[in-house]
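Here is how the chains run, residue by residue.
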Amino acid sequence: MIITLQLGAHRPVEDKRAVAAAINKLVVEALGVSPDDVFIALIPVPNENFSFGRGELQLADGAPRW
């Protein structure tokens, strides 16, 4: 099983480890698969590349504009 997750590139490695562990645990519990059969790809995306609606890049200029 392959799970792909896009996340802010600014996230520290501790956050990445925590989310990968949580995803693996939840998938194993929900589906009964082996934890060795869950492949997780974390794709870092620069903050300026996120749009949270309205076609705007809310983080392109720094702090959120909402």
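Bear in mind that the values here come from a model prediction, so they are computed numbers and not experimental data.

### Quick look at the overall build of the protein chain
When helices and strands are counted, the protein chain shows one helix and two strands. Element order for the protein chain, N to C, with α for helix and β for strand: β-α-β. Dimensions of the protein chain, computed from C-alpha atoms along their principal axes, come out at roughly 45 × 25 × 15 Å. The burial tally for the protein chain puts 18% of its 66 residues in the buried class. Considering only residue pairs separated by 6 or more positions, the protein chain has 49% of its internal contacts joining residues 24 or more positions apart.

### Quick notes on the pattern of salt bridges
Counted under the stated rule, the structure contains two salt bridges. A salt bridge links Glu29 to Lys25; its shortest N-O distance comes to 2.8 Å. Taken together, the positions of Glu29 and Lys25, both in helix α1 (residues 13-31) and four residues apart, correspond to about one turn of that helix. For Glu29, a relative accessible area of 53% gives the class exposed.

What counts, and where the lines are drawn
- Residues numbered from 1 in each chain as written.
- Predicted model: local features only at pLDDT ≥ 70, side-chain atom pairs only at ≥ 80, totals over all residues.
- Heavy atoms only, no water.
- Helix = DSSP H or I, 4+ residues; strand = E, 2+ residues; numbered from the N terminus.
- Buried < 20%, exposed > 50% of the residue type's maximum accessible area, 1.4 Å probe, protein only.
- Contact = heavy atoms within 4.5 Å.
- Salt bridge = Lys/Arg side-chain N within 4 Å of Asp/Glu carboxyl O.

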